[in-house]
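Take a look at the letters that make up each chain.
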Amino acid sequence: MKILGIHPTHTATVALMEDGKLLGMISEERLNRIKEWHGIPKRAVSKLLKINNLEPGQIDLVAINGLSPTSNASDFMNESFSLQMAGFNLFKAVVPHSWIKKNWWVKSAVSLTHKLRNKKEIYSYFEGIGIGKDKIIFVDHHTCHLHTCFLNPEGRTNDMLILTLDAAGDGHCGSVSVVKNNKLIVIDRMNLYNSLGFLFSRMTQYLNMKPLSHEYKVMGLAAYSKDKESEEVYKILRSKFLDIDKKNPLRFENLSGAVNWEYLDEFDKYFKKTRFDNLAGGVQKLVETLVTEWVLNCVKKTGIKKVFCAGGIFMNVKTNMLLAYRKEIDELFIVPSCGDESCSMGAAMYAYRKHCKKNGVLFKPNKLEDIYFGNDNSTEDILQAAEKYKGQILLKKVKNINKFVADLLTKGEIVARCSGRMEFGARALGNRSILAHPNKTGVVREINEAIKQRDFWMPFACTVLDKYQEEYLINPKKIQSSHMMISLHTTKKAHEHLINGMHQYDLTARPQILKKSHNPDYYEIIEEFRKRTGIGGLLNTSFNIHGEPIVSTPSDAISTLLRSGLKHLIIEDYYITKKGNII
């Protein structure tokens, strides 16, 4: 059973699955070079089919994430940013808020918006490549999110507590589900009126950052806030804006009556003279506290301590850290890059699970190991890209490339790497990364000035080899952090060895704990670096110019080298630098 899962809104993405095994996953932005691109991911569909030597006619089913009409990040900047929100605003104006908080209206509203959705473009595209509309299904948004959790490192499909939280999708902002005796039961859902994600995104906008994009910057800034002042912000947010529903501890409750754009006016009433860092600290504490209490309420209600989380709220690695250390939780898994882009694999997984149930087949998805699901680089690709930029670069094939990279890093050089299959999602995991010495003075400033241009408060991340993790990371439950989805407290040795790859103020790290089986070449680079320095990790940040998608191809990589202050580029076993540099 070959299935394409399609996420057609912001950061449009396609996933390809065969009989429960994820074969590939690519976001359209990586190929068209337009960050957070919205629409049908046509190039990504073509690329995935080509990588897997498939023709469109061999696809059995296409599963589309979302029932309602789509909207994108730029739409979010308008007060009534989509048909369904315009309708909701009218609905909210005439219906008492005490009624809107409940779920009675959501199913009918979503059913209506699905009927109104213009599906012609989707049907036309797929019919044009040979996939008929009879093979296309549309899947509820939070159903997609929850099904991403079946792709997990243990291959678990039973005894699961599955939680989803985001801004909104198909009328809801969260859900609580369990899997018992191989039966999936949705216990409860929260409608978008009670959305923590909307509040957090609008606070991001209130801080003059980009909503649905820069929430991670608010999280990074929060650590610099003053405890007393941020506590006051938190108390106001929790008493006036959003809290746990006192009648139903599995839901949040909107206390302000504000939704979306209205939050900006409400914030002005309380926070017009509040410093930006204290606002960040207060709203981050609200997210951490509410989510932690909500998750523990769900654990208590269901009695299940194996917790699986999906949805954009769980991109907040500091919140995930608090969950990781709670004794009430035995097992914690956060879906990699669990924003809406992951719903492409959730849609595919839903379709596969439905197929298994219909045909009496055992539902047993493959375990999720690494997430290097994109394109790789052929020698032909590399040499064509080099020819394109002939006269601007120097290129040399290196025999022991991983040792060569380790030598450069040991000397304090910053190295961009575009090798192997591209990783999926928002986190660079070594194959489309900028790598650097994790404790050499001046490295962070050099990376920022050369290419990243990050806000001054934003930390870099690190990769640590799994066999050295106990030297650096406080992770008593051995929670897997292969995909940079959880922050962890760190040891004194980490403060000495990995300081450039940690949060400079609170000394937490968002690590990629690397297994050799996941990425043997990247593992060897760090192992060779360890032999030279005694340090079992590296600074690792995404290979892209600020505001652009992470690089995908050799051509992207060379273009980025030439337009930045970077000096060293590795593509497979080729070393590339700008003309005029000494090789």
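Heads up: the structure comes first, above all this text.
Summarised in this report is the structure supplied together with it. Treat the numbers as computed from the prediction; the structure is a model and nothing was measured.

### Brief notes about the overall build of the protein chain
The helix and strand tally for the protein chain stands at 21 helices and 22 strands. Its C-alpha radius of gyration of 23 Å places the protein chain within 12% of the 25 Å reference for a compact globule of 583 residues. Here the protein chain, with 583 residues, has 62% of them falling under the buried criterion. Taking as baseline every contact in the protein chain between residues at least 6 positions apart, the subset at least 24 positions apart corresponds to 72%. Entry remark: accessible area of the protein chain is about 23,400 Å², with carbon and sulfur atoms responsible for 50%. Of the charged side chains in the protein chain, 82 are positive and 63 negative; the average position of the first set lies 2 Å away from that of the second.

### A look at the sheet that holds strand β12 (residues 331-334)
Taken in spatial order, the five strands of this open sheet run β8-β7-β6-β11-β12, and their pairing is mixed. A strand with exactly one partner marks an edge of an open sheet, and here the two such strands are β8 (183-191) and β12. Across the sheet, the axes of successive neighbouring strands diverge by a mean angle of 15 degrees, strand direction being ignored. The sheet contact formed by strand β6 (residues 160-169) and strand β11 (residues 306-310) spans four bridges and is parallel. Residue pairing across strands places Thr164 opposite Ala310, the latter belonging to β11.

### A short note on the pattern of salt bridges
Evaluation of the coordinates by the stated rule reveals 27 salt bridges. Glu231 is the salt-bridge partner of Lys285, the closest N and O atoms lying 2.3 Å from each other. Highlighted residues: Lys285 in helix α12 (residues 276-302) and Glu231 in helix α10 (residues 227-240), separated in sequence by 54 residues. A relative accessible area of 22% places Glu231 in the partly exposed class. Linked through salt bridges whose partners overlap, the residues forming this network are Arg238, Asp243, Lys246 and Glu293.

### Observations concerning the packing of aromatic side chains
Summed over the entire model, instances satisfying the criterion amount to 17 aromatic pairs. Geometrically, the ring pair formed by Tyr224 and Tyr505 is tilted, given 5.0 Å between the ring centres and 50 degrees between the ring planes. Of this pair, Tyr224 sits in the loop between α9 (215-222) and α10 while Tyr505 sits in the loop between α19 (492-497) and β19 (511-514); the two residues are 281 residues apart in sequence, bridging distant segments of the chain. Tyr224 gets classed as partly exposed once you look at its relative accessible area, which sits at 23%. Chaining the aromatic ring pairs together yields one cluster made of Tyr206, Phe241, Tyr263, Phe267, Tyr270 and Phe271.

### Section: the environment of Leu279
In this structure, Leu279 sits in helix α12. Classification of Leu279 by relative accessible area gives buried; the value is 3%. Along the primary structure Leu279 and Leu221 are separated by 58 residues, whereas in three dimensions their C-alpha atoms are 9.5 Å apart. If sequence neighbours within four positions are ignored, Leu279 has contacts with Met203, Tyr206, Leu207, Val233, Phe271 and Thr274.

### With respect to helix α16 (residues 401-410)
Of the residues making up α16, those classed as buried are Ile401, Asn402, Val405, Ala406, Leu408 and Leu409. Viewed along the axis of α16, the buried residues span an arc of 160 degrees, placing them on a single side of the element. Those residues of α16 that are buried lie in contact with β14 (415-418), β15 (432-436), α20 (520-533), β20 (537-542), β21 (568-571) and β22 (574-578). Remark: Gly412 follows α16 within two positions and exhibits a positive phi of approximately 95 degrees.

### Re the sheet that holds strand β13 (residues 393-397)
Sheet architecture is open: eight strands sit in the order β13-β22-β21-β14-β15-β20-β16-β19, paired in mixed fashion. Edge positions in the sheet fall to β13 and β19, since each has one partner strand and no second. Ignoring which end each strand starts from, the neighbouring axes of this sheet average 30 degrees apart. Pairing of β13 with β22 involves five bridges; the strand directions are antiparallel. The residue bridging Ile393 from the neighbouring strand is Lys578, located in β22.

### Considering unusual backbone geometry
In terms of backbone geometry, most residues other than glycine have negative phi values and most peptide bonds are trans. The phi torsion at Asn181 lies on the positive side, around 50 degrees, for a residue other than glycine. Positive phi is not limited to glycine here, since Met484 has a value of about 60 degrees. Secondary-structure assignment places Met484 in the loop between β17 (473-474) and β18 (489-490).

### So, the side chain of Glu28
Assignment of secondary structure puts Glu28 in the loop between β3 (21-27) and α1 (29-32). Of the side chains with opposite charge, Arg43 lies nearest to the buried Glu28, which makes no salt bridge, at 4.5 Å. A distance of 3.0 Å separates a polar side-chain atom of Glu28 from the backbone nitrogen of Arg43. In this structure Glu28 touches Ala12, Trp37, Ile40, Pro41, Lys42, Arg43 and Ala44, once residues within four positions along its chain are discounted.

What counts and what doesn't
Residues numbered from 1 in each chain as written. Predicted model: local features only at pLDDT ≥ 70, side-chain atom pairs only at ≥ 80, totals over all residues. Heavy atoms only, no water. Helix = DSSP H or I, 4+ residues; strand = E, 2+ residues; numbered from the N terminus. Rg over C-alpha atoms; globule rule 2.2 N^0.38 Å. Buried < 20%, exposed > 50% of the residue type's maximum accessible area, 1.4 Å probe, protein only. Contact = heavy atoms within 4.5 Å. Areas by Shrake-Rupley, 256 points an atom, 1.4 Å probe, with all protein chains shown as cover. Lys, Arg positive; Asp, Glu negative; His and termini not counted. Charge placed at Lys NZ, Arg CZ, Asp CG, Glu CD. Pairing = 2+ DSSP bridges. Axes fitted to C-alpha atoms, helices over the stretch in contact; angles between N-to-C directions. Salt bridge = Lys/Arg side-chain N within 4 Å of Asp/Glu carboxyl O. Phe/Tyr/Trp six-rings, centres within 6.5 Å; stacked < 30°, edge-to-face > 60°. Arc of directions from axis to C-beta. Polar contact = N/O pair within 3.5 Å; in protein donor to acceptor, adjacent residues only side chain to side chain.

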